[in-house]
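# Structural characterization, general
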Amino acid sequence: MTDVQLADVFVEMADTLVDDFDVIDFLHVLTERCVQLLDVSAAGLLLTDQHNALQVVAASSERTRLLELFQLQTDEGPCVDCFHTGQPVSVADLSSGGRWPRFTAVAAEAGFAAVHALPMRLRADVIGAVNLFGTQPGALDGEKLRIGQALADVATIGLLQQRAIRQRDTLTEQLQHALNSRILIEQAKGVLAERYHLDVADAFALLRDGARSRKRRLSELAQAIVDGTELLPRTP
Amino acid sequence: MDADRRVRLMHEVVALAGGRPVAVEHVCAAVLPAVGVDGLAISVILAATPPETIYTTDQVAADLAELSITLGEGPCVDAAAGLPVFAADLGAAAVTARWPIFAPEAVRAGAGAVFALPLQVGAIRFAVMALYRGTPGRLDNGQLADALVLADTACAVLLDATVPPGRWTEHPDMRHPEIHQATGMLIIQLGVPAAAALTRLRAHAYANDRRLRDVAADVVARRLRFEPDDPQLMDR
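Residues numbered from 1 in each chain as written. Chains lettered and ligands numbered in written order. Predicted model: local features only at pLDDT ≥ 70, side-chain atom pairs only at ≥ 80, totals over all residues.

## Examining the overall build of chain B
The condition is simple: Numbering of helices and strands starts at the N terminus; helices are DSSP runs of H or I of at least 4 residues and strands are runs of E of at least 2. By the convention adopted here, residues make contact when the C-beta atoms placed from their backbones lie within 7 Å.
When helices and strands are counted, chain B shows 11 helices and 5 strands. If you take every contact in chain B between residues at least 6 apart in sequence, the share linking residues at least 24 apart comes to 60%.

In structure tokens, the structure reads:
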């Protein structure tokens, strides 16, 4: 990673934040940048719901197995611990066993050797966590940890900014909106997967590319697809 | 947000049901003390049919629901777009400017504040829960969180109108993305709107005594297909 790359990513994020933007798309891009900048294989972002449980809202890859692995941590794992303590949690080598037998087994099965979780903090509250997986054992060095935390902070700022733009009264409403948007996107993935006989991960790529090329907000296009008012043909 | 919120509210709802199957009126009865409002109404808003108020606690709530439907404006109408809409002081200039006909009529009907919450699962927006206070005043954070949890509960109960007594299901959230992907797939398989697709998925799970998430996983893995069984189609 070069300083130029790093600067580019933060410029890209800042550019997004000045305008109206789709919060799920923003968080999705952020997880992709985590993978590029932090030299990890996969990144996911979990937010708290009004039941105080963590739910996945964005991931660098939409592979079902990966989403399950992120979601599994709503019960046990580094993300939950990070969420409850507000502190980063890092496991440099999952094969050394440890505190979360069920999570460790599934992570190893998926081919991951190291896992890290960084808190999304807002003043005294923790509103979620960024979750990173590596296929090679190893800790995040001090520099990567700082960059990772900066990216997690940008994710928090993105949520707050959306709240301000959309004139939502409270963070609770904004979090709920983000979670509902994510459900909406899953429904649209299902529609596209069935219509075009695609894998759900490919259906997400189709949806996102469709939103980009049409300059549409991801969640608006997803709503139109679920409502059947837009078909999103595969060949333009 | 406290982790016990959901459990505490569930206990209250179940206690109000007094051994009978939990119905929407029990959820509504729990809303009043928890959220500190004087009454509420639930109106179903489906694209194919005119809005219909299915539950009201009192005459003021009924009048407010009636006003929203006949005037076509107000917080409930706006909340149907998918976001909570709050008018903490119906006499405030900004509120009157936003809903010039509804606001004064609502005050005349006896309301000081209205809080409208959409009942939704992703793209499925099927009802609005409208809470009112006789005097103006904002919801505090605890009241808002309680309102959101109970709105989710009402949502689950309404979706489960056909569930046998004694069964209790969760609000479908992102813990099981396959439920929403399968809903999307059923929209195409059955040629029905999203709300009907989710209902069919749930009905199949109950009828076969299986967990919703397991049925959904079978649909996503294409081990299970649904066929349209509309009698009109079969008669052809």
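Having seen the model, we can carry on.
## Details of the overall build of chain A
To be explicit about the condition: The size measure is the radius of gyration over C-alpha atoms, and the globule rule it meets is 2.2 Å times the number of residues to the 0.38 power. With C-beta atoms placed from the backbone, a residue is labelled by how many other C-beta atoms lie within 10 Å of its own: buried for 20 or more, exposed for 12 or fewer, partly exposed between the two.
Looking only at helices and strands, one finds 9 helices and 5 strands in chain A. Mapped from its N terminus to its C terminus, chain A presents α and β elements in the order α-α-β-β-α-α-β-α-β-β-α-α-α-α. Rg of the C-alpha trace for chain A: 17 Å, near the compact-globule value of 18 Å for 236 residues, within the 12% margin. Overall size of chain A, expressed as C-alpha extent along the three principal axes, is 50 × 40 × 40 Å. Residues counted as buried form 49% of the 236 residues belonging to chain A. For chain A, contacts bridging at least 24 residues in sequence account for 60% of all contacts bridging at least 6.

## Side note on the interface of chain A and chain B
We count it as follows: As a working rule, the residues Ala, Val, Leu, Ile, Met, Phe, Trp, Tyr, Cys and Pro are called nonpolar, Asp, Glu, Lys and Arg charged, and the rest polar, with Gly in that last group.
In this complex, chain A contributes 34 residues to the contact, which on the side of chain B involves 32 residues. Where the side of chain A that touches chain B is concerned, the elements lending two or more residues are β2 (54-59), α3 (64-72), α7 (171-196) and α9 (218-227) of chain A. Here the residues of the side of chain A that touches chain B sort into 11 nonpolar, 14 polar and 9 charged.

## Notes on the sheet that holds strand β3 (residues 89-91) of chain A
All names here are of chain A. Selection rule: One requirement defines pairing of two strands: DSSP has to find at least two bridges between them. The axes used here are C-alpha line fits, helices contributing only the stretch in contact, and every angle between their N-to-C directions lies in the interval 0 to 180 degrees.
One open sheet holds the 5 strands; their spatial order is β2-β1-β5-β4-β3, and the pairing between them is antiparallel. Strands with a single pairing partner mark the edges of an open sheet, and in this sheet they are β2 and β3. The mean inter-strand angle of the sheet, taken between neighbouring strand axes irrespective of direction, is 20°. Against the sheet, helix α2 (residues 23-38) engages β1 (42-48), β2 and β5 (125-134), with an angle of about 140° to β1.

## Regarding the domain arrangement of chain B
Quite often, the size of an interface is put as the accessible area lost when its parts meet. All names here are of chain B. Basically, it comes down to this: Where each domain starts and ends follows an automatic or database-derived domain assignment.
The assigned domain composition of chain B is domain 1 (5-159) and domain 2 (177-235). Just the C-alpha atoms count here: the centres of domain 1 and domain 2 sit 30 Å apart. At the interface, 7 residues of domain 1 touch 6 residues of domain 2. Residues that form the side of domain 1 that touches domain 2 fall into these classes: 6 nonpolar, 1 polar and no charged.

## Quick word on the environment of B:Ile188
With respect to the helices and strands, the residue B:Ile188 is situated in helix α8 (residues 177-190). Given 18 C-beta atoms within a 10 Å radius, B:Ile188 is considered partly exposed. For the pair B:Ile188 and B:Pro228, spaced 40 residues apart in the sequence, the C-alpha separation amounts to 10.0 Å. In this structure, B:Ile188 is in contact with A:Val191, A:Glu194 and A:Arg195, ignoring residues within four places of it in sequence.

## Observations concerning the domain arrangement of chain A
Residue and element names in this part refer to chain A. When the domains of chain A are assigned, the result is domain 1 (3-168) and domain 2 (182-227). Relative to domain 2, the C-alpha centre of domain 1 lies at a distance of 23 Å. Residue-level contacts link 8 residues of domain 1 with 9 residues of domain 2.

## So, unusual backbone geometry
All names here are of chain A. Look at His197: it is not a glycine, yet its phi comes out positive at around 55°. Secondary-structure assignment places His197 in the loop between α7 and α8 (200-213). On the basis of neighbour count, His197 is assigned to the exposed category, with 10 C-beta atoms found within 10 Å.

## Some thoughts on the sheet that holds strand β1 (residues 39-44) of chain B
Residue and element names in this part refer to chain B. Taken in spatial order, the 5 strands line up as β2-β1-β5-β4-β3 in an open sheet, and their pairing is antiparallel. Strand pairing shows two members of the sheet lacking a second neighbour, β2 (52-56) and β3 (85-87), which therefore form its edges. Pairs of neighbouring strands in the sheet enclose a mean axial angle of 20°, with direction left out of account. Pairing geometry for β1 and β2, over 4 bridges, is antiparallel. Residue Ser43 lies in a different strand from β2, and its bridge partner there is Thr53. Packed onto the sheet, helix α3 (residues 59-71) meets β1, β2, β4 (113-121) and β5 (124-133) and runs at close to 35° relative to β1.

## Regarding the pairing of β1(B)
All names here are of chain B. Judged by how many residues are buried, β1 sits mostly within the fold: 5 of 6 residues are covered. Pairing of β1 with β5, which is carried by 6 bridges, proceeds in the antiparallel orientation. Its bridge partner lying in β5, Val44 is registered against Ala127.

## A short note on helix α9 (residues 194-207) of chain B
Residue and element names in this part refer to chain B. For clarity, the threshold we go by: Working rule for helices: expected span equals 1.5 Å times residues minus one.
Between its first and last C-alpha atoms α9 spans 20 Å; for 14 residues at 1.5 Å apiece the expected length is 20 Å, and the two agree. Regarding α9, the residues found buried are Ala194, Ala195, Ala197, Leu198, Thr199, Leu201 and Arg202. Looking one or two residues past α9, Asp209 carries a phi angle of roughly 55°, positive in sign.

## Some thoughts on helix α7 (residues 141-159) of chain B
The periodicity of an α-helix, 3.6 residues per turn, causes residues three or four places apart in sequence to face the same way. Counted at 1.5 Å a residue, the expected span for α7(B) with its 19 residues is 27 Å, and the 27 Å between its end C-alpha atoms agrees. With respect to burial, α7(B) is a largely interior element, 15 of its 19 residues being buried.

## Description of the pairing of β1(A)
Residues and elements named next belong to chain A. Most of β1 is tucked away: 7 of the 7 residues are buried. Here β1 shows no split at all, with Ala42, Gly44, Leu46 and Thr48 on one side and Ala43, Leu45 and Leu47 on the other all buried. In this sheet, β2 lies alongside β1 in antiparallel orientation, the contact comprising 5 bridges. Bridge assignment links Leu46 to a residue of β2, and that residue is Val56.

## Looking at the environment of A:Asp202
Within the secondary structure layout, A:Asp202 lies in helix α8. The class for A:Asp202 is partly exposed, based on 15 C-beta atoms found within 10 Å.

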